[in-house]
Amino acid sequence: MNYNEIGIHALQEGNTEEAIKAFTQAIEEQPDNPLGYINFGHVLTSMDDVERAERFFQKALTLDETSATAYYGLANLYFNSERYEEALKLYEKAVQYGLEGADAHFMIGKCLGRLDQPKLALPYLQRAVELDRNDVPARLSYGITLASMELFDLAEPQFQKVLELDPDNSDAHYNLGILYAVSTNRTADALHHLKQAYTLDENNEMARYAYDMISTQL
């Protein structure tokens, strides 16, 4: 009986208690297999039990120091705890040891962004978008980073693509509105997107403030 598979199925069904039991049995049955510890770490992360989750991911890495999924799980834990420098190193390890897909590149870019290093973040965000062209958060972050560097001509199509994928994305409307307000004379377009932003998300006070400010100037 594969207790790791049972635990993953239980998680997919939303049954955290059964997942914990299954992963506990997986560890007891194969104490030298890092997978059980990794899966248990993911459960604890979802429960915001940071200290215990950290110990399980670290245990997995003592058993297999090349485990990309263990590095990635621990990196997510640190990122969510705003430990961005530590998270960055672990995401890089995950990629180094073969983690495929857009997610790790996106998270490296996010870490560098949080560390105020947009130029270094840019190629990772670009790579994330190349690996998954329909990844809305990665494309939005890529566009925001381009805009922050005043590369407006490159940022605009990124926001437009986000809205093509997710027409009700308040953040994309806001950023496109600001881009039009700052970089072009497309005031009407700026007002349209800013209004869409705060209409879609009533908590988007920045969009409402920008809309009111531009309207007053007119």
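In this convention, every chain numbers its residues from 1, walking through the sequence in written order. Totals for whole chains, interfaces and linings use every residue, but because this is a predicted model, local features are given only for residues with pLDDT of at least 70 and side-chain atom pairs only at 80 or more, for both listing and counting. Just so you know, side-chain values use all the structure's heavy atoms and leave hydrogens and water out.

Novice: In this structure, what is going on with helix 10 (residues 152-165)? I would like to understand it.
Specialist: Residues separated by three or four positions in an α-helix point in the same direction, a consequence of the helix having 3.6 residues per turn. Relative to the 20 Å expected for 14 residues at 1.5 Å per residue, helix 10 spans 20 Å between its end C-alpha atoms, a close match to the ideal helical length. Of the residues making up helix 10, those classed as buried are Phe152, Ala155, Glu156, Gln158, Phe159, Val162 and Leu163. By the convention used here, residues are in contact when the closest approach between their heavy atoms is within 4.5 Å. Helix and strand labels come from DSSP, where a helix needs a run of H or I of at least four residues and a strand needs a run of E of at least two; each type is numbered from the N terminus. As for helix 10, its buried residues are in contact with helix 9 (136-148), helix 11 (170-183) and helix 12 (187-200). The span expected for a helix works out to 1.5 Å for each residue beyond the first. Working definition: with a 1.4 Å probe on protein chains only, accessible area under 20% of the residue-type maximum means buried, over 50% means exposed, and in between means partly exposed.

Novice: What is the right way to read the pattern of salt bridges from this model?
Specialist: Each salt bridge in this description consists of a side-chain nitrogen of Lys or Arg and a carboxyl oxygen of Asp or Glu lying within 4 Å of one another. Tallying each qualifying case throughout the model produces 9 salt bridges. Across the pair Glu156 and Arg186 runs a salt bridge whose closest N-O atoms are separated by 3.3 Å. Of this pair, Glu156 sits in helix 10 while Arg186 sits in the loop between helix 11 and helix 12, placing them 30 residues apart in sequence. The exposure class of Glu156 is buried, given its relative accessible area of 17%. Residue Arg186 is classed as partly exposed on the basis of its relative accessible area of 35%. A salt bridge links Lys161 to Glu164, with the shortest nitrogen-to-oxygen separation between them at 3.1 Å.

Novice: Just checking my understanding: could you explain the packing of aromatic side chains for this structure?
Specialist: Any pair of aromatic rings gets described here by the distance separating the centres and the angle formed by the planes. Ring pairs shown here join Phe, Tyr and Trp side chains whose ring centres sit within 6.5 Å, with only the six-membered ring taken for Trp; geometry is labelled stacked below 30 degrees between planes, edge-to-face above 60, and tilted in between. Under the counting rule described, the total for this entry stands at 6 aromatic pairs. Here Phe79 and Tyr84 contribute two aromatic rings whose centre-to-centre distance is 5.2 Å and whose plane-to-plane angle is 65°, an arrangement assigned as edge-to-face. Considered together, Phe79 and Tyr84 belong to a single accessibility category, that of buried residues. An aromatic cluster of at least three residues, connected via ring pairs, comprises Tyr37, Phe40 and Phe56.

Novice: What should I look at first to understand the nonpolar core in this one?
Specialist: What makes a nonpolar core is a set of buried Ala, Val, Leu, Ile, Met, Phe, Trp, Tyr and Cys residues whose side-chain atoms join them at distances within 4.5 Å. Grouped together as the largest cluster of nonpolar side chains are 56 residues, with contacts concentrated most on Leu74, Phe79, Tyr91 and Phe159. The contacts of Leu74, once residues within four sequence positions are left out, are Glu54, Phe57, Gln58, Leu61 and Leu90. In this structure, Tyr174, Ala197, Ala207 and Ile214 belong to the second largest nonpolar core, which totals 9 residues.

Novice: Can you walk me through the environment of Leu131 in this structure?
Specialist: Looking at the element boundaries, Leu131 is found in helix 8 (residues 118-131). Sequence separation between Leu131 and Pro118 is 13 residues; the distance between their C-alpha atoms is 20 Å. For Leu131, the contacting residues outside a window of four places in its chain are Gly101, Ala102 and His105.

Novice: I'm lost on the side chain of Asn175 in this one. Help?
Specialist: On the secondary structure map, Asn175 appears in helix 11. Under the rule applied, a polar contact is a pair of N or O atoms within 3.5 Å (in protein, one hydrogen donor and one hydrogen acceptor; residues adjacent in sequence only if both atoms are side-chain atoms). One polar contact links the side chain of Asn175 to the main-chain carbonyl oxygen of Asp171, over a distance of 2.8 Å.

Novice: Just to check I follow, could you spell out the layout of surface pockets for this structure?
Specialist: Over the atoms rolls a probe the size of a water molecule, and in doing so it shows where empty space is left. Approximately 260 Å³ is the volume found for the largest pocket. The distinction between a cavity and a pocket rests on a 1 Å grid over the protein atoms alone: a 1.4 Å probe fits inside a cavity but cannot get out, while a pocket stays open yet meets protein on both sides within 12 Å along at least five of seven lines, and a residue with an atom within 4 Å of a point counts as lining. If you trace the largest pocket, you find it lined by Gly109, Lys110, Gly113, Arg114, Gln117, Pro118, Ala121, Leu125, Ser141, Ile144, Thr145 and Ser148. At the level of elements, helix 7 (103-114), helix 8 and helix 9 are the ones that each hand at least two residues to the lining of the largest pocket. For this scheme, ten residues count as nonpolar: Ala, Val, Leu, Ile, Met, Phe, Trp, Tyr, Cys and Pro. Four count as charged, namely Asp, Glu, Lys and Arg, and the remainder, Gly too, count as polar. Tallied by class, residues from the lining of the largest pocket come to 4 nonpolar, 6 polar and 2 charged. Grid points are joined across faces, edges and corners, and a volume is the space filled by probe spheres set on the points.

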